[in-house]
Amino acid sequence: MKKRISVLLLAAALWALLAGCGIKAEAPASPAPVPEPEIQEPAVPEPAPEPEAPPEEPAPPEPDGIADSYVGAWRDDSRGTSGGRCFMEIACEDGENYSIDIWWGSSAAETSHWQYTGTYDETWEGIDYIGTRYRETTQADGTVEQTAELEEATGLLYLEDGVLLWEDTFEHMGDGMKFQREAE
């Protein structure tokens, strides 16, 4: 019996030894991090890009205060030299350069037409111009024949007490005329 107890003790010791020395039990490995599930938002179509508007042409500059004083239609007073038959039109597209047209009818078929271009002269306080005088004759068939009669004519248009005066340095055609602005 001693033998048997010894064998049992020896077997128990081996058993304990095998249990203690065997494969080391590892702590359970932490699981690999699981990526968070992606939250998918419902697909919303992106708005289509708006069609590009065609480039706008730049607007011509507005006439400044000086140009506003001159731009428009003017007529010689009925008591003036032309008896109200002389008519003037002044335009300023860029705020700096003026185009001036003056018509003076001498008969139903014949008109003098002056075409000038000019700029405002601060020294003279008026529009200093240069241009051509034409004789326009209306033919029987209604066509107008235009003949240049005086080129490189110069002068000055200026305001005095709200009246536009025409100082023609070549022919003095504007002497005695007082142009009033016509109602628009």
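Residues numbered from 1 in each chain as written. Predicted model: local features only at pLDDT ≥ 70, side-chain atom pairs only at ≥ 80, totals over all residues. Heavy atoms only, no water.

(A) View of the overall build of the protein. A count of helices and strands for the protein gives two helices and eight strands. Ordered by position from the N terminus, the helices and strands of the protein form the series α-α-β-β-β-β-β-β-β-β. For the protein, buried positions account for 26% of its 184 residues. Contacts in the protein between residues far apart in sequence, at least 24 positions, make up 38% of those at least 6 positions apart. Total accessible area on the protein is roughly 14,000 Å²; 56% of this is exposed by carbon and sulfur atoms. (Helix = DSSP H or I, 4+ residues; strand = E, 2+ residues; numbered from the N terminus. Buried < 20%, exposed > 50% of the residue type's maximum accessible area, 1.4 Å probe, protein only. Contact = heavy atoms within 4.5 Å. Areas by Shrake-Rupley, 256 points an atom, 1.4 Å probe, with all protein chains shown as cover.)

(B) Broad picture of the nonpolar core. Residues M88, I90, I100, L157 and W166 are the most contacted members of the largest nonpolar core, which totals 22 residues. Every element with two or more residues in this core is listed here: helix 2 (65-70), strand 2 (86-91), strand 3 (97-105), strand 4 (110-121), strand 5 (126-138), strand 6 (144-160) and strand 7 (163-168). Ignoring sequence-local partners within four residues, the contact set of M88 consists of G72, A73, W74, I100, D101, I102, L157, L164 and F179. (Core = buried A, V, L, I, M, F, W, Y, C linked by side-chain atoms within 4.5 Å.)

(C) Structural context of unusual backbone geometry. Located in the positive-phi region is E152, a residue other than glycine, with phi close to 60°. Following the sequence through the fold, E152 ends up in strand 6. A positive phi angle, near 60°, is found at H172, a position not held by glycine. Accessibility expressed as a relative area gives 44% for H172, which makes it partly exposed.

(D) Quick peek at the environment of K178. Along the chain, the position of K178 falls in the loop between strand 7 and strand 8 (179-181). Along the chain, K178 and D76 lie 102 residues apart, while their C-alpha atoms are 5.4 Å from each other. Beyond its immediate sequence surroundings of up to four residues, K178 is in contact with R75, D76, D77, V163, L164 and L165.

(E) Region of the structure containing the side chain of R133. Relative to the elements of secondary structure, R133 occurs in strand 5. For R133, the side chain forms a polar contact with the side chain of E149, separated by 2.3 Å. Separated by 2.6 Å, the side chains of R133 and E171 make a polar contact. (Polar contact = N/O pair within 3.5 Å; in protein donor to acceptor, adjacent residues only side chain to side chain.)

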